[in-house]
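# Coordinate analysis (summary)
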Amino acid sequence: MSGLLAGKRLLITGVITDASIAFAVARLAQENGAQVVLTGYGRLSLVERIAKRLPQPAPVIELDVTNAEHLAGLADRVREHVDGLDGVVHSIGFAPQNCLGGGFLDAPWEDVATALQVSTYSYKSLAMAALPLMAPGGAVVGLTFDAAKAWPVYDWMGVAKAGLESASRYLALHLGPKGIRSNLVAAGPLRTIAAKSIPGFDQFEEVWTRRSPLGWSLTDTEPAARACLALLSDWFPATTGEIVHVDGGYHAIGA
């Protein structure tokens, strides 16, 4: 077996369609020598069907990151397929509709709390659930959308992503002594299921493709996936608490 991730065992969340970043991560990981275990929630049959489009069959485990029993049993369920983990990919985010699309001032705490639990706190929850399977040299990688700015229509999801970015730094602090890294990939806008659920998200598209120094494809998930693979690999052994921008350079350009 050869490749960037030869012999690595990965747990990948967030595969819903073959247009998702998580699917591209799983596909490229397998092509580069990794064993992959997927998680799904709610529509397991859909995830199982999409998993069959990978180069090799991948097992699918049910995981609701807000369910304490699911989290407590995750390590045992993963052990049914692999004997440990070298990497975990967090590609999970959700906010009720009134937390998005201009609803920042009116969204009630109950809905905001849901967004923060699913999109932010779950990063720590997932890492801790997988920790019994991980050894020094392991990595946790999450996906974000640059939270250094306030974006129109992103509203409480933007706040949740800012929390995610902070949570990754704290995870880097607390898991570093165990030899485990925590990093994020900040991808530009992509036409995924998640993006389509945000009212008005398409207003990012024209400006992003026009202003990114390297240009930007709204449908190509592979650049973001490649960055995830690099961070999961042994080529970044001393990098943690970092956010790698994969956005055509848009983040570096003034308004």
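Everything numeric here is computed off the predicted structure, so don't read it as measured data. Residue positions are given per chain, counting from 1 as you read along its sequence in written order. In keeping with the model being predicted, local features are shown solely for residues with a pLDDT of at least 70 and side-chain atom pairs are shown and tallied solely at 80 or more, while totals for entire chains, interfaces and linings include all residues. Side-chain numbers come from the whole structure's heavy atoms, not from hydrogens or water.

### Here's the deal with the UniProt feature "binding site: substrate" (unreviewed entry) in the protein chain
Selection criterion: UniProt positions are given in the numbering used here, feature names are shortened, and annotations may be inferred rather than shown by experiment. Numbered from the N terminus, helices here are DSSP runs of H or I no shorter than four residues, and strands are runs of E no shorter than two. By the convention used here, residues are in contact when the closest approach between their heavy atoms is within 4.5 Å.
Under the present numbering, the feature "binding site: substrate" (unreviewed entry) in UniProt falls on A95. With respect to the helices and strands, A95 occurs in the loop between β4 (85-90) and α4 (109-130). Not counting the four nearest positions on each side in its chain, A95 is found in contact with L100, A115 and M157.

### What to know about helix α2 (residues 44-51)
Here is the rule: Accessible area is worked out with a 1.4 Å probe on protein chains only. A residue is then buried under 20% of its type maximum, exposed over 50%, and partly exposed in between. What the arc describes is the spread of directions from the helix axis to the C-beta atoms.
Those residues of α2 not exposed but buried are L46, V47, I50 and A51. Each buried residue of α2 lies within a common arc of 140° when the element is viewed along its axis, so the set occupies one face. Here the buried face of α2 lies against α1 (21-31), β2 (35-40) and β3 (60-62).

### Regarding the sheet that holds β4
What counts here: Two strands form a pair only when DSSP identifies at least two bridges running between them. Note on geometry: axes are lines fitted to C-alpha atoms, helical ones only across the stretch in contact, with angles between N-to-C directions running from 0 to 180 degrees.
The seven strands are arranged β3-β2-β1-β4-β5-β6-β7 in an open sheet whose pairing can be described as parallel. What marks the edges here is a single partner per strand, and that holds for β3 and β7 (243-246). Each strand of the sheet is rotated relative to its neighbour by a mean of 20°, with strand direction disregarded. Relative to strand β5 (residues 134-144), β4 runs parallel, the two sharing five bridges.

### Let's talk about the packing of α4 against helix α5 (residues 155-175)
So the rule is basically this: To sort the angles, those under 35 degrees are grouped as roughly parallel, those over 145 as roughly antiparallel, those from 65 to 115 as roughly perpendicular, and the leftovers as oblique. Rotating anticlockwise by less than a right angle from the far helix to the near helix defines a left-handed crossing, while the corresponding clockwise rotation defines a right-handed one.
The N-to-C vectors of α4 and α5 enclose an angle of 20°; their axes lie 9 Å apart at closest approach. Classed by the angle they form, the pair α4 and α5 counts as roughly parallel. Every pair of crossing elements has a handedness; the one defined by α4 and α5 is right-handed. On the side of α4, the interface is formed by V112, A115, L116, S119, T120, Y123, K124 and A127, while α5 contributes W156, M157, A160, G163, L164, A167, S168 and L171.

### Digging into the nonpolar core
Stated formally: By convention a nonpolar core is built from buried Ala, Val, Leu, Ile, Met, Phe, Trp, Tyr and Cys residues, the set being connected through side-chain atoms within 4.5 Å.
Ranked by internal contacts, the top residues of the largest apolar core, which has 57 residues, are I12, V25, L38 and V185. Counting residues per element, this core draws most heavily on α1, at eight residues. Setting aside residues no more than four positions away along its own chain, L38 makes contact with I12, V15, A26, A51, L54, A58, P59, V60 and I61. In this structure, L11, V118, L131 and V140 belong to the second largest nonpolar core, which totals 30 residues.

### Considering the packing of aromatic side chains
Here is the rule: When two rings of Phe, Tyr or Trp (its six-membered ring) have centres within 6.5 Å they constitute a pair, described as stacked for plane angles under 30 degrees, edge-to-face for angles over 60, and tilted for the intermediate range.
Under the counting rule described, the total for this entry stands at seven aromatic pairs. Consider the rings of F104 and W156, whose centres lie 4.4 Å apart with planes at 15°: the pair is stacked. Of this pair, F104 sits in the loop between β4 and α4 while W156 sits in helix α5; the two residues are 52 residues apart in sequence, bridging distant segments of the chain. Judged by its relative accessible area of 32%, F104 is partly exposed. Arranged with centres 6.3 Å apart and planes meeting at 40°, the rings of W151 and Y250 form a pair that is tilted. On the criterion of sequence distance, the pair formed by W151 in the loop between β5 and α5 and Y250 in the segment after β7 is long-range, its members being 99 residues apart. Given a relative accessible area of 13%, W151 falls into the buried group. An aromatic cluster of at least three residues, connected via ring pairs, comprises F145, W151, Y154, W208 and Y250.

### Concerning the pairing of β4
This is how it is decided: With its strands directed away from the observer, a crossover is right-handed exactly when the path from the first strand over the helix to the second travels clockwise.
Burial analysis of β4 places six of its six residues in the buried class, the great majority of the element. Inspection of the sheet shows strand β1 (residues 9-12) paired to β4 by three bridges, in the parallel sense. By the bridge assignment for β4, I12 is matched with V89. Where the polypeptide runs from β4 across α4 and back to β5, its parallel neighbour, the crossover connection is right-handed.

### Quick look at the environment of S91
Within the secondary structure layout, S91 lies in the loop between β4 and α4. Sequence-wise, S91 and S233 are 142 residues apart; in three dimensions their C-alpha atoms are separated by 18 Å. The contact partners of S91, leaving out residues within four places of it in the chain, are T13, G14, A22 and L143.

### So, the UniProt feature "binding site: NAD(+)" (unreviewed entry) in the protein chain
Put simply, the rule reads: For the purposes of these results, a polar contact is taken to be a pair of N or O atoms within 3.5 Å, where, inside protein, one atom must be able to donate a hydrogen and its partner to accept one; residues adjacent in sequence count only when each atom of the pair is a side-chain atom.
Taken from the UniProt record, the annotation "binding site: NAD(+)" (unreviewed entry) applies to G14, S20, I21, D64, V65, I92 and K161. Relative to the elements of secondary structure, G14 occurs in the loop between β1 and α1. By relative accessible area, which is 19% here, G14 ends up buried. Structurally, S20 can be placed in the loop between β1 and α1. By relative accessible area, which is 9% here, S20 ends up buried. Not counting the four nearest positions on each side in its chain, S20 is found in contact with G14, V15, T192 and T221. A polar side-chain atom of S20 sits 3.2 Å from the main-chain amide nitrogen of F23.

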